[in-house]
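# Descriptive structure summary
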Amino acid sequence: MGSNSSRIGDLPGNEHLKKFSGTESLSENDPFWNQLLSFSFPAPTSSADLKLLEEATVSVRRSLVENNPRTGNLGALIKVFLSRTKELKVSAECQNHIFIWQTHNALFIICYLLKVFICEMSEEELLLHFTYEEKSPGSYSSDSEDLLEELVCCLMQLITDIPLLDITYEISVEAVSTMVAFLSCQLFHKEVLRQSISHKYLMQGRCLPYTSKLVKTLLYNFIRQEKPPPPGAHVFSQQSDGGGLLYGLASGVATGLWTVFTLGGVGSKAAAAPALSSPLANQSLLLLLVLANLTDAADAPNPYRQAIMSFKNTQDNSPFPSSIPHAFQINFNSLYTALCEQQTSDQATLLLYTLLHQNSNIRTYMLARTDMENLVLPILEILYHVEERNSHHVYMALIILLILTEDDGFNRSIHEVILKNITWYSERVLTEISLGSLLILVVIRTIQYNMTRTRDKYLHTNCLAALANMSAQFRALHQYAAQRIISLFSLLSKKHNKVLEQATQSLRGSLSSSDVPLPDYVITFFSSRLLQAGAELSVERVLEIIKQGVVALPKDRLKKFPELKFKYVEEEQPEEFFIPYVWSLVYNSAVGLRWNPQDIQLFTVDSD
């Protein structure tokens with residue numbers, strides 16, 4: 001590209017790119033690389049500008065695909081990047097802006113080409129482009145070096161080891177982006193991949209020892225929500241109308257310029273993406289979710305999921321069992337705070353679900369918190385605005401509530417937390433209400449919305465299960481919550497009686513007189529006493545009759561029901577749901593990465 005490149009429109013005729021993609025083999029020691037990597041662009045300001053970048057490099061890409069197997073120039077560029085990363089930490093400490101800027105530009109080109117190659121070619125062809133023999137750049141043999149594995153290991157080292165400073169922020173984002181690009185082969189397959197180069201490199205071999213450190217770093221990136229440096233602080237040469245290329249791409253994504261997707265199901269609306277206050281935190285969370293949802297390898301479980309399932313609080317001094325691999329510690333208080341603050345995004349809600357469901361240490365810690373309202377209120381707000389959320393976000397929020405309501409301590413404590421002035425609840429002014437009563441109101445509202453609009457069996461079942469889990473601990477309910485419970489019971493009773501009547505009519509002809517079930521004796525006993533007391537009974541009189549009846553009720557006629565607790569159970573093949581969901585989030589909100597909608601095979605992209 002070179003120092004003279006200042007506009008995307010100049011790229012098709014750029015001499016440095018022509019040389020890089022041409023027929024001449026370039027040594028990794030050639031001064032040419034310093035010239036190629038000294039570029040900057042004004043920030044693209046729209047999705048059209050981002051698309052323009054791809055269109056402007058079509059001829060360069062085609063030329064490189066044709067010539068690189070003979071020239072090995074992509075391998076030489078990777079070698080240049082790998083050698084530079086060894087000095088990156090020292091360069092950051094010495095504030096060597098130019099060195100970091102050029103290293104970032106090398107990674108940007110590699111990431112861009114990796115993303116395009118994965119989309120356009122098979123794994124076998126891809127590996128050919130990333131195979132390089134130093135002595136003879138154009139020849140390939142069984143002894144050739146696998147630069148793709150070396151690149152992935154280097155990226156993991158860069159993410160975990162390079163200190164996060166103003167001058168390293170953008171290259172840190174780019175390193176995470178390149179990891180996401182490397183894993184993006186799943187986007188171009190309809191079926192869930194259970195074997196791929198990502199499985200080969202990330203679940204065994206040289207990359208495996210970085211597992212726990214990478215997961216820990218990505219979690220801390222999410223926790224810290226570090227904002228990008230101000231425009232004058234990052235390492236790129238400045239144009240009067242914009243910053244560096246990556247900074248511009250990040251800005252373009254942050255303004256919500258991506259195509260909206262749909263995956264079908266309840267609501268089927270994709271929430272408008274808020275401006276990204278921390279591209280690094282967003283990108284790190286997406287990478288973490290992708291890694292956590294990789295399918296197990298044929299001979300080994302997913303190590304990143306193992307790490308997520310087993311990490312502990314920094315205040316927990318007990319030793320890790322030897323049987324738990326990839327274990328580490330993290331500050332649970334900081335993680336809890338970040339999760340409470342970030343629930344407006346699908347990916348943060350999915351992370352919360354993942355941790356609650358898979359990590360018993362996290363679940364125990366959260367259930368012991370005395371400020372659970374900070375976590376529950378954002379979840380309730382997601383459900384309350386069900387019309388504005390996509391179906392998967394609603395499901396995740398509801399499952400989180402179901403998991404929480406499995407705990408009796410949670411069900412008791414929520415009625416002790418008093419809230420004031422819930423402004424987002426618009427059906428009625430709630431100047432003071434318990435968290436438990438508010439939870440009941442929102443869940444019932446979700447049930448009624450589902451019954452009248454979407455009729456989703458899965459959503460309905462989980463809402464009712466959450467209410468059933470809480471019911472034994474109902475205390476001092478707000479009068480409006482009590483009213484809504486009675487209304488829901490009346491509605492469900494009518495539907496149940498209608499179904500029961502239809503079933504009875506269909507069975508009546510096939511049952512003998514001895515097969516006819518007897519009426520429910522408990523109900524019959526109290527009904528007769530109320531009838532004997534006469535009509536127009538006050539509420540107080542009805543309650544008094546019931547209390548007197550309880551004393552006289554023959555205990556031998558009663559049935560003892562076991563206490564029921566509904567637990568969330570993941571489906572047999574959860575990856576069939578979660579992998580498309582995670583990649584839809586990546587497609588929608590990954591910083592600086594763009595895929596053509598027509599190339600996506602894993603899920604349906606809305607063409608609007």
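Residues numbered from 1 in each chain as written. Predicted model: local features only at pLDDT ≥ 70, side-chain atom pairs only at ≥ 80, totals over all residues. Heavy atoms only, no water.

The protein chain is annotated in an unreviewed UniProt entry as Dymeclin from Phyllostomus discolor. Under the UniProt heading Sequence similarities (unreviewed entry), the entry covering the protein chain gives this text: "Belongs to the dymeclin family." (UniProt positions renumbered as here; feature names shortened; annotations may be inferred.)

### Details of the overall build of the protein chain
Helix and strand counts for the protein chain stand at 27 helices and six strands. Taken over 608 residues, the protein chain has a buried fraction of 51%. In the protein chain, 73% of the contacts between residues at least 6 apart in sequence involve partners at least 24 apart. For the protein chain, the exposed area adds up to about 28400 Å²; of that, 52% sits on carbon and sulfur atoms. (Helix = DSSP H or I, 4+ residues; strand = E, 2+ residues; numbered from the N terminus. Buried < 20%, exposed > 50% of the residue type's maximum accessible area, 1.4 Å probe, protein only. Contact = heavy atoms within 4.5 Å. Areas by Shrake-Rupley, 256 points an atom, 1.4 Å probe, with all protein chains shown as cover.)

### Looking at the pattern of salt bridges
Summed over the entire model, instances satisfying the criterion amount to 13 salt bridges. Notably, a salt bridge pairs Lys-115 with Glu-54, separated by 3.8 Å at the nearest N-O pair. Note that Lys-115 is positioned in helix 7 (residues 97-120) and Glu-54 in helix 3 (residues 47-56), a separation of 61 residues in sequence. Since its relative accessible area comes to 9%, Lys-115 is described here as buried. Classification of Glu-54 as buried rests on a relative accessible area of 12%. (Salt bridge = Lys/Arg side-chain N within 4 Å of Asp/Glu carboxyl O.)

### Some details on helix 14 (residues 279-292)
Under the 1.5 Å per step criterion, the end-to-end length of helix 14 is 20 Å for 14 residues, consistent within 8% with the ideal 20 Å. Within helix 14, 14 of the 14 residues are buried, which leaves the element mostly enclosed by the surrounding structure. (Expected span 1.5 Å × (residues − 1).)

### Considerations on the packing of helix 7 against helix 10 (residues 169-183)
At a minimum axis separation of 9 Å, helix 7 and helix 10 run at an interaxial angle of 15°. In terms of orientation, helix 7 and helix 10 fall into the roughly parallel class. The interaxial crossing formed by helix 7 with helix 10 has left-handed handedness. Here Ile-100, Thr-103, His-104, Leu-107, Phe-108, Cys-111, Leu-114, Lys-115 and Ile-118 of helix 7 come into contact with helix 10, specifically with Glu-170, Ile-171, Glu-174, Ala-175, Ser-177, Thr-178, Ala-181 and Phe-182. (Axes fitted to C-alpha atoms, helices over the stretch in contact; angles between N-to-C directions. Parallel < 35°, antiparallel > 145°, perpendicular 65-115°, else oblique. Left-handed = near helix turned anticlockwise from the far one by under 90°.)

### Some thoughts on the packing of helix 17 (residues 346-358) against helix 20 (residues 391-404)
Interaxial distance between helix 17 and helix 20 falls to 9 Å at its minimum, and their mutual angle equals 30°. Here helix 20 runs roughly parallel to helix 17, going by the angle between their axes. Every pair of crossing elements has a handedness; the one defined by helix 17 and helix 20 is left-handed. Every residue of helix 20 that contacts helix 17 at Asp-346, Thr-349, Leu-350, Leu-352, Tyr-353, Leu-356 and His-357 is listed here: His-393, Met-396, Ala-397, Ile-399, Ile-400, Ile-403 and Leu-404.

### Some points on the nonpolar core
Counting 177 residues, the largest nonpolar core has Phe-81, Leu-202, Tyr-425, Leu-438 and Trp-583 as the members making the most contacts within it. Considering every element that reaches this core, the biggest residue donor is helix 7, with 14 residues. Split by domain, the residues of this core number at least three in each of domain 1 (8-133 + 146-231 + 277-329 + 579-599) and domain 2 (343-477). If we ignore the near neighbours within four places in the chain, the residues touching Phe-81 are Thr-103, Ala-106, Leu-107, Ile-110, Leu-151, Cys-154, Leu-155 and Leu-158. (Core = buried A, V, L, I, M, F, W, Y, C linked by side-chain atoms within 4.5 Å. Domains from an automatic or database assignment.)

### Observations regarding the environment of Phe-222
With respect to the helices and strands, Phe-222 occurs in helix 12 (residues 211-224). You can call Phe-222 buried: its relative accessible area is 2%. For the pair formed by Phe-222 and Ala-348, sequence separation is 126 residues and the distance between their alpha carbons is 9.1 Å.

### A closer look at the packing of aromatic side chains
Throughout the structure, instances matching the rule amount to 15 aromatic pairs. Between Phe-182 and Tyr-201, the ring centres sit 6.2 Å apart and the planes meet at 25°, which makes this aromatic pair stacked. Here Tyr-201 lies in helix 11 (residues 197-202) and Phe-182 lies in helix 10, a separation of 19 residues in the sequence. Of the residues examined, Tyr-201 reaches a relative accessible area of 1% and is grouped as buried. A ring pair is formed by Phe-311 and Phe-332, whose centres lie 5.9 Å apart and whose planes are at 85°; its orientation type is edge-to-face. Highlighted residues: Phe-311 in the loop between helix 15 (303-310) and strand 3 (312-313) and Phe-332 in helix 16 (residues 332-341), separated in sequence by 21 residues. The same class applies to Phe-311 as to Phe-332, namely buried. (Phe/Tyr/Trp six-rings, centres within 6.5 Å; stacked < 30°, edge-to-face > 60°.)

### Details of the confidence of the model for the protein chain
For the protein chain, mean pLDDT is 83; residues scoring 70 or higher make up 83% of the total. Note that residues 137-142 has pLDDT below 50 and, in this model, 18 contacts with residues that lie over four places away or in other chains. Within the model, pLDDT remains below 50 along residues 235-273, and this stretch shows 105 contacts once partners closer than five positions in the same chain are excluded. (pLDDT = per-residue confidence, 0-100.)

### Regarding helix 10
Its 15 residues place the ends of helix 10 22 Å apart at the C-alpha level, agreeing with the 21 Å of an ideal helix rising 1.5 Å per residue. Extensive coverage of helix 10 is indicated by the burial of 15 of its 15 residues.

### Some details on unusual backbone geometry
Leaving glycine out, the prevailing phi sign among residues is negative, and the prevailing peptide bond configuration is trans. Its identity is not glycine, yet Gln-225 carries a phi of approximately 50°, on the positive side. Residue class for Gln-225 comes out buried when judged on its relative accessible area of 16%. In this structure, Asn-421 takes a positive phi of about 55° despite not being glycine.

### Looking at the state of the cysteines
Scanning the entire structure with this criterion turns up zero disulfides. A disulfide-free cysteine, Cys-154 has its sulfur positioned 8.8 Å from the sulfur of Cys-153, the nearest such atom. On the basis of relative accessible area, Cys-154 is assigned to the buried category, the value being 7%. (Disulfide = S-S within 2.5 Å.)

### Quick look at the environment of Ser-437
If you trace the backbone, Ser-437 turns up in helix 22 (residues 435-454). Not counting chain neighbours up to four residues away, the residues in contact with Ser-437 comprise His-415, Ala-476, Leu-477, His-478 and Ala-481. Within the structure, the side chain of Ser-437 is placed 3.0 Å from the backbone nitrogen of His-478, a separation counted as a polar contact. (Polar contact = N/O pair within 3.5 Å; in protein donor to acceptor, adjacent residues only side chain to side chain.)

### What to know about the environment of Ser-25
Its place among the elements puts Ser-25 in the loop between helix 1 (15-21) and helix 2 (32-36). Residue class for Ser-25 comes out partly exposed when judged on its relative accessible area of 35%. Here the alpha-carbon distance between Ser-25 and Asn-67, two residues 42 residues apart in the chain, equals 9.3 Å. Among the polar contacts made by the side chain of Ser-25, one reaches the main-chain carbonyl oxygen of Thr-71 at a distance of 3.3 Å.

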